[in-house]
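Report on the structure
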Amino acid sequence: MKTSLCTISFRHQLVSFGDLVRLASRLQFDGIELWGTHAQQLYENERVTAWDHLQRLHASGMGISMVSDYLDISPQADRQAVLDKCQRLISLARWFGTPRVRTFAGQLGSRDVPAEERPLYAENLHRLCELCGEQGVYLLLEMHPGTLTDTVESALDLLRMVNHPALKINLDFLHVWEGGTDPVEGLKKLEPWVMHYHMKNITDRSHLGVFAPHNVYAPSGSRTGMVPLREGVVDYRPILEAIRETDHYASLEWFGPDPARVLAEEMQWLREELPVMAGV
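Residues numbered from 1 in each chain as written. Predicted model: local features only at pLDDT ≥ 70, side-chain atom pairs only at ≥ 80, totals over all residues. Heavy atoms only, no water.

Glancing now at the pattern of salt bridges. In this structure the tally under the stated criterion is 18 salt bridges. Put simply, Arg 127 and Glu 123 hold a salt bridge, and the shortest N to O gap is 3.2 Å. Here Arg 127 pairs with Glu 123, and both are found in helix H5 (residues 118–134), just four residues apart, close to one helical turn. Relative accessible area serves as the criterion here: at 28%, Arg 127 is assigned to the partly exposed category. (Salt bridge = Lys/Arg side-chain N within 4 Å of Asp/Glu carboxyl O. Helix = DSSP H or I, 4+ residues; strand = E, 2+ residues; numbered from the N terminus. Buried < 20%, exposed > 50% of the residue type's maximum accessible area, 1.4 Å probe, protein only.)

Here we take up the packing of aromatic side chains. Per the stated rule, a full pass over the model turns up eight aromatic pairs. Seen from their ring centres, Trp 51 and Trp 95 are 5.3 Å apart, and the 55° between their planes marks the pair as tilted. Residue Trp 51 is located in helix H3 (residues 47–59), and its partner Trp 95 is located in helix H4 (residues 79–96); the two are separated by 44 residues in the primary sequence. Centroid distance Phe 173 to Tyr 236: 6.3 Å. Interplanar angle 85°. Geometry classified as edge-to-face. Within this pair, whereas Phe 173 is found in helix H7 (residues 173–178), its partner Tyr 236 is found in helix H10 (residues 236–243), the two being separated by 63 residues in sequence. An aromatic cluster is built from Tyr 43, Trp 51, Trp 95 and Phe 96, whose rings are joined through pairwise contacts. Taking the ring centre of Tyr 249 as reference, the NZ or CZ of Lys 2 above it sits at 4.3 Å. For Arg 47, the ring lying beneath its charged end belongs to Tyr 43, and the centroid distance is 3.8 Å. (Phe/Tyr/Trp six-rings, centres within 6.5 Å; stacked < 30°, edge-to-face > 60°. Lys NZ or Arg CZ within 6 Å of the ring centre and 35° of its normal.)

Note that every value here comes from positions in space, so none of it alone points to a role or purpose.
So this is what it looks like as structure tokens:
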């Protein structure tokens, strides 16, 4: 596996892309996952300097692991507007040199979507996959509560319904566990579609609500329960053992305070305390 730093960890700090490239290199990450908002800002307003930093990133042996954003696949969505946004994300991904764009599978959990509407979600996804596939980009659905990929079973159903080679999975191990499946078992079931990992942890199931978008993106939102990988309720040692030989990026998705310090400690833990990561 390869490790990546998420720019979203620094969403409430004034940290330049160049500083993040230098931080990722110093901490020995293999890449950087770009939040779509950051990618758009860099491309539209800082293109020349962003390109220079990209060259430094590549010269350091790193890459951009993924551009992460959100595309509305609900039956109520404005299809042309969503296709236009998808095209912008594809163009951004190609400019930054990554073949992966992340989205969510709607904004309703699998129990809240009527059975007769699921084919409509799948049809919209298939249309986006056609657009991505034509341009050599994969569309990754994130395992996440409040979406059609809130459980492994629902994700498998959706993947098979869409049935397109450009559709893949960003496997968030905590959310797989939240959905009621052992993370390693979930990985085994979804492995043919998995192309990227998210890794984060929590002290207790009662605190999982801190990762809800309305809370986690708010500067004043609660961060109660967010802890480094080694301290949480999900045991990452068997997960790392299962993914150690893969070539996928694993993003350390830290949403709490002091991200530079925490990420440095996470990387040290991965390198020094886990034998499976001795080669990082």
